[in-house]
Amino acid sequence: FSMGEQLVIGLFIAGITAFLMMKLNKRALRWNLHHYYAINRHHWGHSGSFLDPSYCSVCEAVIVSSGGASCDCCGLCTDNDECVANADENIPCKPRTLINTDITSHHWVKGNLPTSSCLCVVCGEECGEGVGLVDFMCAWCSRTVHTACKPQLGQHCNFGSLERFVVPPHCVQLSRARLRRGLTVKRVSCPKDTADWQPVIVIGNVSSGSSEAEVVLSSFRRWLNPVQVLDVSVVPVEEAARWCRLLHEKLVAQPTSPDASDFPHQSRDFSSGAPENSDSTLGSESLDANKESVASNTSELPANTTGSEHAAADGRSVTVIIAGGDGTIGWVLNTLYKKKLMHRVKVALVPLGTGNDLSRVLGWGPALDAPLDVPSYLDRVLESSPVQLDRWLVHYSPASTMHHINILPSVVPTREILMNNYLSVGVDALVTLRFHQARQSPFYLFNSRLLNKLIYFGYGTKDVLEHSCESLETKLVVRMDGQLVQLPPLEALVVLNIPSWGAGVRPWSMGAGGRSAPVQRTDDGKLEVMAISSSFHICQLQVGLSEPMRLGQCSSLQVTVLDSAVPMQVDGEPWEQQPGTITLSHSHVATLLAAPS
């Protein structure tokens with residue numbers, strides 16, 4: 001082998017070794033479905049390292065940096081598997097539900113206090129000084145207290161600064177699920193002593209993508225009632241819909257205080273030149289100083305809105321936080337739509353995917369580049385503004401001789417999906433399809449955002465030479481609002497519902513043509529249709545050296561695939577599209593939350 005080949009092989013072997021060592025060092029103990037709602041059960045996670053000096057809550061031994069486990073619900077730390085079993089048996093976790101009481105008491109955990117300054121809630125002096133398990137912290141409100149001062153403190157906990165977001169255990173009743181193992185939420189009541197109650201539901205999918213979702217959900221479990229945090233790889237997403245329905249019923253019945261408001265009364269829209277928000281916690285992205293400022297959106301609900309729609313309008317809808325990429329967002333929104341809950345919820349995002357185009361548009365950032373600070377994030381949710389997002393029905397009817405002559409029309413299969421961000425046919429869908437197939441391979445060992453982007457770039461570069469979708473204009477017939485469109489030579493047809501595409505590119509507003517192009521909005525009931533000439537054209541768009549071929553805006557779109565299959569994607573989900581007719585029509589509107597500037 002040459003020196004270069006030896007270097008590549010050496011780096012590959014080193015990478016495989018590092019990956020295996022990381023997996024062996026960072027084990028994960030997860031709930032199974034039966035224990036997900038267990039009342040006093042800990043949720044253990046083995047950590048590869050404890051950054052701060054920590055002691056076992058069972059045997060009080062020092063936890064070495066390469067071992068140990070901690071409960072992400074109450075903060076209890078253990079040294080080994082024997083201590084984990086001992087803690088499960090003898091030390092309860094903070095309760096998910098309480099019966100026959102109308103208050104929740106402090107849940108004190110001894111020792112392992114934060115290294116940052118923490119003062120005793122009774123005497124005001126420094127807590128946690130000394131060796132071993134010293135002093136106490138409440139797993140609900142995070143207050144700290146000296147061992148000697150603890151008897152002077154009452155038992156009633158008010159959940160601290162996040163009181164308005166928490167569903168207290170004494171307000172939750174669980175029951176056994178009928179069609180699956182485990183428990184489900186049966187009843188929720190409003191806390192009597194919480195003014196302006198605004199509970200949140202957090203949804204993530206640990207089995208999708210990298211391990212970021214697991215870390216984010218763990219952070220939320222620490223601050224909220226763990227039953228508010230749903231991992232849809234463990235519990236069905238319908239459980240989240242059930243939570244939303246029960247909470248909304250209570251919020252509608254709750255009297256609204258005159259000075260309480262979830263959000264500013266003015267909502268926001270995001271035109272093609274609207275800048276993205278940048279935040280150190282959720283990732284940062286350089287902003288073009290010449291971009292247009294965010295325009296105010298004066299659209300309101302129709303005057304004949306009643307019941308639940310009024311509740312959503314005056315801020316009494318349920319806040320749902322989705323931690324994931326565009327695929328997870330679509331999955332959750334589709335479930336809420338099927339359950340007829342879209343007008344009862346408003347959705348905030350924690351970006352965990354690869355592209356995160358919708359998160360970029362709404363100002364939550366392109367990625368989660370730092371550990372999530374839950375209190376700061378919930379403060380931003382409280383200051384956020386509602387934004388209306390059009391959702392589109394994509395209907396596919398296959399080409400069939402039987403269909404045209406009306407023989408057995410019920411046999412001809414059709415397909416319908418909902419679109420949030422964009423649809424494309426051609427080369428960019430092909431690159432996405434190849435990347436998706438590579439990620440499904442059993443040999444795909446690594447999973448990180450950077451690696452995903454490198455692989456994606458590799459497939460795009462490969463197609464620059466191959467031109468796999470050349471002469472795509474001869475395979476498609478496009479009608480916008482019923483009018484036939486003459487297609488230029490192209491290798492991709494892209495349909496936009498939001499300004500961002502391809503992990504942050506804003507093609508509609510690019511170049512000289514972008515200044516005269518119609519304004520792009522997320523709530524105008526219109527789609528933007530554009531053509532891309534090649535993979536190299538995509539590369540030029542990525543760096544701002546070109547602009548797309550704009551075909552125009554429309555309220556309905558029909559694309560007919562003529563003779564052979566073509567690659568197609570909707571919101572990053574790709575497939576091989578067989579000949580047939582694809583129709584896009586407006587379905588409904590979702591309310592999402594735009595991060596404060």
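Residues numbered from 1 in each chain as written. Predicted model: local features only at pLDDT ≥ 70, side-chain atom pairs only at ≥ 80, totals over all residues. Heavy atoms only, no water.

Trainee: Can you walk me through the overall build of the protein chain in this structure?
Mentor: Assigned secondary structure in the protein chain consists of 13 helices and 26 strands. Classification of the 597 residues of the protein chain by burial places 49% in the buried group. Looking at the protein chain alone, contacts between residues at least 24 apart form 72% of all its contacts between residues at least 6 apart. Summing over all exposed atoms, the protein chain offers an accessible surface of approximately 27400 Å²; the carbon and sulfur share of this is 55%. (Helix = DSSP H or I, 4+ residues; strand = E, 2+ residues; numbered from the N terminus. Buried < 20%, exposed > 50% of the residue type's maximum accessible area, 1.4 Å probe, protein only. Contact = heavy atoms within 4.5 Å. Areas by Shrake-Rupley, 256 points an atom, 1.4 Å probe, with all protein chains shown as cover.)

Trainee: Looking at this model, I keep getting lost on the environment of Arg245. Mind explaining?
Mentor: By the secondary structure assignment, Arg245 is in helix H4 (residues 237-253). When the C-alpha positions of Arg245 and Leu341 are compared, they lie 7.2 Å apart, and in sequence the two are 96 residues distant. Residues contacting Arg245, with those up to four places away along its chain left out, are Lys339, Leu341 and Arg344.

Trainee: Would you take a moment to explain the state of the cysteines for this structure?
Mentor: The bond known as a disulfide is covalent and runs between the sulfur atoms of two cysteines. What the rule picks out here adds up to zero disulfides. Left unpaired, Cys127 is separated from the closest cysteine sulfur, that of Cys120, by 4.5 Å. (Disulfide = S-S within 2.5 Å.)

Trainee: Could you clarify how one ought to interpret the sheet that holds strand E24 (residues 566-570) in this entry?
Mentor: Note: strands within a sheet are paired through backbone hydrogen bonds, in either parallel or antiparallel orientation. One open sheet holds the six strands; their spatial order is E22-E21-E20-E17-E24-E25, and the pairing between them is antiparallel. The open sheet has two edge strands, strand E22 (549-554) and strand E25 (573-577), and neither has a second partner. Strand after strand, the sheet turns through a mean of 15° between neighbouring axes, direction not considered. Alignment of E24 against E25, held across five bridges, turns out to be antiparallel. Each bridged residue has a counterpart across the sheet, and for Pro567 the counterpart in E25 is Glu576. (Pairing = 2+ DSSP bridges. Axes fitted to C-alpha atoms, helices over the stretch in contact; angles between N-to-C directions.)

Trainee: Is there a simple way to think about the packing of helix H3 (residues 212-223) against helix H8 (residues 374-383) in this case?
Mentor: Packed helices, taken two at a time, are described by their axes: the angle between them and the distance between them. Two elements in contact, H3 and H8, have axes whose closest approach is 10 Å; the angle formed by their N-to-C orientations is 85°. Looking at the two axes, H3 sits roughly perpendicular to H8. Side by side, H3 and H8 meet where Ser219, Phe220 and Trp223 of the first sit next to Val374, Pro375, Tyr377 and Leu378 of the second. Residue composition of the contact of H3 with H8, by class: six nonpolar, one polar and no charged. (Parallel < 35°, antiparallel > 145°, perpendicular 65-115°, else oblique. Nonpolar A, V, L, I, M, F, W, Y, C, P; charged D, E, K, R; others polar.)

Trainee: Before we go on, may I ask you to explain the sheet that holds strand E6 (residues 144-145) in this structure?
Mentor: Reading across from one edge, E4-E5-E6 is the order of the three strands in this open sheet, with antiparallel pairing throughout. Of all strands in the sheet, those bounded by a partner on one side alone are strand E4 (108-110) and E6. Across three bridges, the pairing between E4 and strand E5 (residues 136-138) is antiparallel. The partner of Lys110 across the bridge, within E5, is Phe136.

Trainee: Would you explain the nonpolar core in this entry?
Mentor: In globular proteins that are soluble, nonpolar side chains generally tend to be buried together. Phe220, Leu224, Trp243, Ile321, Trp364, Tyr377 and Leu378 are the most contacted members of the largest nonpolar core, which totals 82 residues. Counting 28 residues, the second-largest nonpolar core is a separate cluster that includes Trp392, Met480, Val529 and Val559. (Core = buried A, V, L, I, M, F, W, Y, C linked by side-chain atoms within 4.5 Å.)

Trainee: Any chance you could explain H3 here in plain terms?
Mentor: Helical periodicity: at 3.6 residues per turn, an α-helix aligns residues three or four positions apart in one direction. Compared with an ideal rise of 1.5 Å per residue, which puts twelve residues at 16 Å, H3 spans 18 Å between its outermost C-alpha atoms and is within 8% of the ideal. Tucked into the core, H3 has its buried residues touching E5, strand E9 (200-204), strand E10 (229-231), strand E13 (318-324), strand E14 (345-351) and H8. (Expected span 1.5 Å × (residues − 1).)

Trainee: How should the environment of Arg96 be read in this particular structure?
Mentor: Structurally, the position occupied by Arg96 is in the loop between helix H2 (81-90) and E4. In sequence terms Arg96 and Arg41 are 55 residues apart; their C-alpha atoms lie 9.2 Å from each other. Engagement of the side chain of Arg96 in a polar contact is seen with the backbone oxygen of Lys94, the distance being 2.7 Å. (Polar contact = N/O pair within 3.5 Å; in protein donor to acceptor, adjacent residues only side chain to side chain.)

Trainee: It is not clear to me how the side chain of Thr144 should be interpreted in this structure. Could you clarify?
Mentor: Note that Thr144 resides in strand E6. Polar contacts involving the side chain of Thr144 include one to the main-chain carbonyl oxygen of Leu119, which spans 2.7 Å.

Trainee: I would appreciate a short explanation of the pattern of salt bridges in the present structure.
Mentor: Note on pairing: side chains with opposite charge can pair once their charged atoms come close. Per the counting criterion, the structure on display carries four salt bridges. With a shortest N-O distance of 3.0 Å, Arg521 and Asp523 are connected by a salt bridge. Relative accessible area serves as the criterion here: at 22%, Arg521 is assigned to the partly exposed category. Residue Asp523 is classed as buried on the basis of its relative accessible area, which comes to 18%. The residue Glu547 makes a salt bridge to Arg550 at a minimum N-O spacing of 2.6 Å. Owing to a relative accessible area of 26%, Glu547 belongs among the partly exposed residues under this scheme. (Salt bridge = Lys/Arg side-chain N within 4 Å of Asp/Glu carboxyl O.)

Trainee: Could you clarify how one ought to interpret the confidence of the model for the protein chain in this entry?
Mentor: Caution applies to low-pLDDT regions: their predicted coordinates should not be interpreted in detail. Averaged over the protein chain, the pLDDT score is 79; the fraction of residues at 70 or greater is 73%. Considering only residues more than four positions removed or in separate chains, one finds that residues 258-267, a stretch of pLDDT under 50, has 23 contacts. (pLDDT = per-residue confidence, 0-100.)

Trainee: Is there a simple way to think about the packing of H4 against helix H6 (residues 326-338) in this case?
Mentor: At their nearest, the axes of H4 and H6 sit 10 Å apart, and the two run at 55° to each other. Comparing their axes, H6 and H4 come out oblique. Between H4 and H6 lies a crossing of right-handed hand. Contacts between H4 and H6 involve Val237, Glu238, Ala241 and Cys244 from the former and Trp331, Val332, Thr335 and Leu336 from the latter. Per-class residue counts for the contact of H4 with H6 are six nonpolar, one polar and one charged. (Left-handed = near helix turned anticlockwise from the far one by under 90°.)

Trainee: Any chance you could explain the environment of Gln388 here in plain terms?
Mentor: Residue position: Gln388 is located in strand E15 (residues 385-398). Apart from the residues lying within four places of it in its own chain, the contact partners of Gln388 are Thr522, Asp523, Val589, Ala590 and Thr591. Separated by 3.3 Å, the side chains of Gln388 and Thr591 make a polar contact.

Trainee: What's the story with H4 in this structure? I'm lost.
Mentor: Taking 1.5 Å per residue as the helical rise, H4 with its 17 residues ought to reach 24 Å, and the 25 Å between its terminal C-alpha atoms agrees with that figure. Considered for burial, the residues of H4 that qualify are Val237, Glu239, Ala240, Ala241, Trp243, Cys244, Leu246, Leu247, His248 and Leu251.

Trainee: Would you mind going over the packing of aromatic side chains with me for this structure?
Mentor: Aromatic ring pairs are reported here in terms of the distance separating the ring centres and the angle at which the planes meet. One pass over the full model with this rule turns up three aromatic pairs. Aromatic side chains Trp364 and Tyr377 sit 5.4 Å apart centroid to centroid with 45° between the ring planes, which places their arrangement in the tilted category. Linking Trp364 in the loop between helix H7 (357-362) and H8 with Tyr377 in helix H8, this pair joins segments that are 13 residues apart in sequence. Per residue, the accessibility class of Trp364 equals that of Tyr377, and both read buried. Through pairs of rings, three or more aromatic residues link up here, namely Phe220, Trp364 and Tyr377. We note Arg222 situated over the ring of Trp223; from NZ or CZ to the ring centre the distance is 6.0 Å. (Phe/Tyr/Trp six-rings, centres within 6.5 Å; stacked < 30°, edge-to-face > 60°. Lys NZ or Arg CZ within 6 Å of the ring centre and 35° of its normal.)

Trainee: Looking at this model, I keep getting lost on unusual backbone geometry. Mind explaining?
Mentor: Glycine aside, residues mostly have negative phi angles, and peptide bonds mostly take the trans form. Phi at Asp196 takes a positive value of approximately 55°, unusual for a residue other than glycine. Take Asp196: it is sitting in the loop between strand E8 (183-188) and E9. The backbone phi angle of Ala503 is positive, close to 65°, even though this residue is not glycine. Here Ala503 is to be found in the loop between strand E20 (492-496) and helix H12 (511-516).

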